[in-house]
Amino acid sequence: MGTGATGEWRGWRTATEAALYGPGGFYRRSEGPAGHFRTSVHASALFAGAVARLLGRVDDALGRPATLDFVDMAAGRGELATGVLAALPTDVQARTRAYAVEVADRPDGLDHRIEWLTEPPRGITGLLFANEWLDNVPVEVAEVDPAGEARLVLVRDDGQERLGEPVGGAGARWLERWWPLPPEEGLRAEIGAPRDEAWASAVAAVERGLAVAVDYAHTVGTRPLCGTLTGFREGRETAPVPDGSCDITAHVALDACALPGAHLVPQREALRALGITGARPPLALASTDPVAYVRALASAGEAAELTAAGGLGDFGWLLQPVGIPDPLATAVRSPV
Ligand SMILES: C[S@@+](CC[C@H](N)C(=O)[O-])C[C@H]1O[C@@H](n2cnc3c(N)ncnc32)[C@H](O)[C@@H]1O
């Protein structure tokens with residue numbers, strides 16, 4: 001259990017912090033995120049391959065420095081860093097320093113070339129890639145009361161909720177700017193300010209290169225009416241109960257996280273620009289080279305999952321170049 005005693009009413013931010021990252025918290029458990037849900041990283045090695053190609057573009061934009069950094073931010077068990085190293089061309093791999101930044105302990109058997117840290121290294125020259133990090137940065141939840149006022153939602157560690165104080169100060173300002181709540185009882189919003197701060201601090205670690213945050217996202221004008229706070233346990237969506245037994249996640253207001261010069265693009269477009277098309281192999285290949293055909297078909301299926309509408313393809317990629325041109329400029333549709 002990562003939380004206080006049942007019966008204690010706390011804001012969702014404090015309750016989630018304890019449930020996910022406190023002693024015995026959900027993300028400190030041995031099975032890791034892959035034991036409970038499937039990210040793009042787990043879905044297919046094609047994803048790490050695409051990120052490796054993105055690192056190659058960053059390398060070119062940087063003028064191929066003597067050392068090139070790759071930072072797997074919120075690394076889970078380091079699966080993306082491992083996959084990226086494996087997918088890099090030998091000459092780039094030899095110049096690459098790979099880091100995994102994680103709250104959880106270094107897993108046994110991880111490639112010795114990957115340095116395991118609890119904070120991003122400073123002065124990164126290269127690519128910092130945060131896949132499904134910000135959705136796990138704990139936030140407060142606001143709900144409109146019968147009088148039309150936004151109040152903080154308090155929760156016990158059995159998941160029961162009640163309304164607390166009116167939202168004031170920085171939280172109220174964030175809501176007004178990024179997620180205005182009409183005065184209708186029951187409407188809810190997640191106050192994303194801690195994610196904006198977390199992202200700004202990760203970007204600040206990049207001296208030159210690119211920072212990318214990938215998450216289920218929404219933008220002003222498409223915010224969900226009742227928020228998206230939910231739980232995951234052993235592959236299933238479940239009620240969010242802050243007792244350390246399940247993941248607690250909420251989609252990310254990536255437009256609020258964006259710093260000047262950022263672009264937001266759907267995963268399907270980002271991956272297409274990095275060579276993942278999902279095209280099925282020509283049927284003729286089945287007779288000329290059946291093994292290659294089967295392999296290409298499996299790869300097309302994995303690409304389809306990574307780019308699917310209503311699924312991983314809808315994720316947002318927030319691209320934040322630092323001192324280089326945006327290496328995915330051709331895929332960029334939505335400046336934020
Ligand atoms: C949903 S998992 C994603 C893991 C991996 N990036 C992937 O896509 O498979 C979120 C991970 O973020 C880690 N995390 C959350 N906040 C963090 C922080 N401030 N620093 C480092 N890791 C963090 C959690 O421990 C967890 O392993």
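Please read these numbers as outputs of a predicted model, since none were measured by experiment.

1. Comments concerning the nonpolar core
Alright, step 1. Phe129 and Trp317 are the most contacted members of the largest nonpolar core, which totals 43 residues.
Alright, step 2. If one sorts the elements of this core by residue count, helix α3 (residues 45-61) sits on top with eight residues.
Alright, step 3. Discounting residues that sit within four places of it in the chain, Phe129 has contacts with Phe47, Val51, Leu54, Phe70, Val71, Asp72, Met73, Leu80, Val212, Val214 and Trp317.
Alright, step 4. Formed by 26 residues, the second largest nonpolar core is a distinct cluster that contains Val71, Leu128, Leu134 and Leu254.

2. A short note on the site of the ligand
Alright, step 1. What surrounds the ligand is a group of 17 residues, the closest being Tyr21, Thr39, Ala74, Glu102 and Asn131.
Alright, step 2. Backbone polar atom of Val103 to a nitrogen atom of the ligand: 3.4 Å apart, as the coordinates give it.
Alright, step 3. Here an oxygen atom of the ligand sits 2.8 Å away from a polar atom, N or O, in the side chain of Asn131.
Alright, step 4. Against a free-state accessible area of 600 Å², the protein chains account for coverage of 92% of the ligand.
Alright, step 5. Here the shell around the ligand is composed, by residue class, of ten nonpolar, five polar and two charged.

3. A closer look at the pairing of strand β3 (residues 96-101)
Alright, step 1. With respect to burial, β3 is a largely interior element, five of its six residues being buried.
Alright, step 2. Across six bridges, the pairing between strand β2 (residues 68-73) and β3 is parallel. Bridging across to β3, Phe70 finds its partner in Ala98.

4. Description of the sheet that holds strand β13 (residues 247-249)
Alright, step 1. A sheet is described by the order of its strands in space; here three strands give the open sequence β12-β11-β13, paired in antiparallel fashion. The two strands at the open ends of the sheet, each matched to only one other strand, are β12 (236-238) and β13. Averaged over neighbouring strand pairs, the angle between their axes works out to 35° when direction is ignored.
Alright, step 2. In this sheet, β13 lies alongside strand β11 (residues 230-233) in antiparallel orientation, the contact comprising three bridges. Across the sheet, Gly231 pairs through a bridge with Ile248, a residue of β13.

5. Let's talk about the pattern of salt bridges
Alright, step 1. Evaluated as defined, the whole model comprises eleven salt bridges.
Alright, step 2. Taking the shortest distance from any N to any O, the salt bridge between Glu143 and Arg188 comes out at 3.1 Å. Of this pair, Glu143 sits in strand β6 (residues 140-144) while Arg188 sits in strand β9 (residues 188-191); the two residues are 45 residues apart in sequence, bridging distant segments of the chain. Arg188 shares its class with Glu143; the two are buried.
Alright, step 3. The structure contains a network of salt bridges with shared partners spanning Glu143, Glu161 and Arg188.

What counts and how
Per-chain numbering applies: the sequence of each chain, read as written, is numbered from 1 onward. Totals for whole chains, interfaces and linings use all residues, but because this is a predicted model, local features are given only for residues with pLDDT of at least 70 and pairs of side-chain atoms are given and counted only at 80 or more. Heavy atoms throughout the structure, all of them, feed into the side-chain values; hydrogens and water do not. What we call a nonpolar core is a set of buried Ala, Val, Leu, Ile, Met, Phe, Trp, Tyr and Cys residues that are connected through their side-chain atoms within 4.5 Å. Throughout, exposure labels follow a simple rule: accessible area from a 1.4 Å probe, protein chains only, divided by the maximum for the residue type, with under 20% read as buried, over 50% as exposed, and the rest as partly exposed. Secondary structure follows DSSP: runs of H or I at least 4 residues long count as helices, runs of E at least 2 residues long count as strands, and numbering of each begins at the N terminus. By the convention used here, residues are in contact when the closest approach between their heavy atoms is within 4.5 Å. The nearness test applies per residue and asks whether one of its heavy atoms lies within 4 Å of the molecule or strand. In protein, a polar contact requires one atom able to donate a hydrogen and another able to accept it; more generally it is a pair of N or O atoms within 3.5 Å, and residues adjacent in sequence count only if both atoms are side-chain atoms. Here, Shrake-Rupley sampling with a 1.4 Å probe gives the accessible areas, and only protein chains in the shown set may cover a residue. In this classification, Asp, Glu, Lys and Arg are treated as charged, Ala, Val, Leu, Ile, Met, Phe, Trp, Tyr, Cys and Pro as nonpolar, and every other residue, Gly included, as polar. Here, any two strands with at least 2 DSSP bridges between them count as paired. Geometry is summarised by axes, namely lines fitted to C-alpha atoms with helices restricted to the contacting stretch, and by angles between N-to-C directions that run from 0 to 180 degrees. In the sections that follow, a salt bridge refers to a side-chain nitrogen of Lys or Arg positioned within 4 Å of a carboxyl oxygen of Asp or Glu.

None of the figures reported here should be taken as evidence of function without further support.
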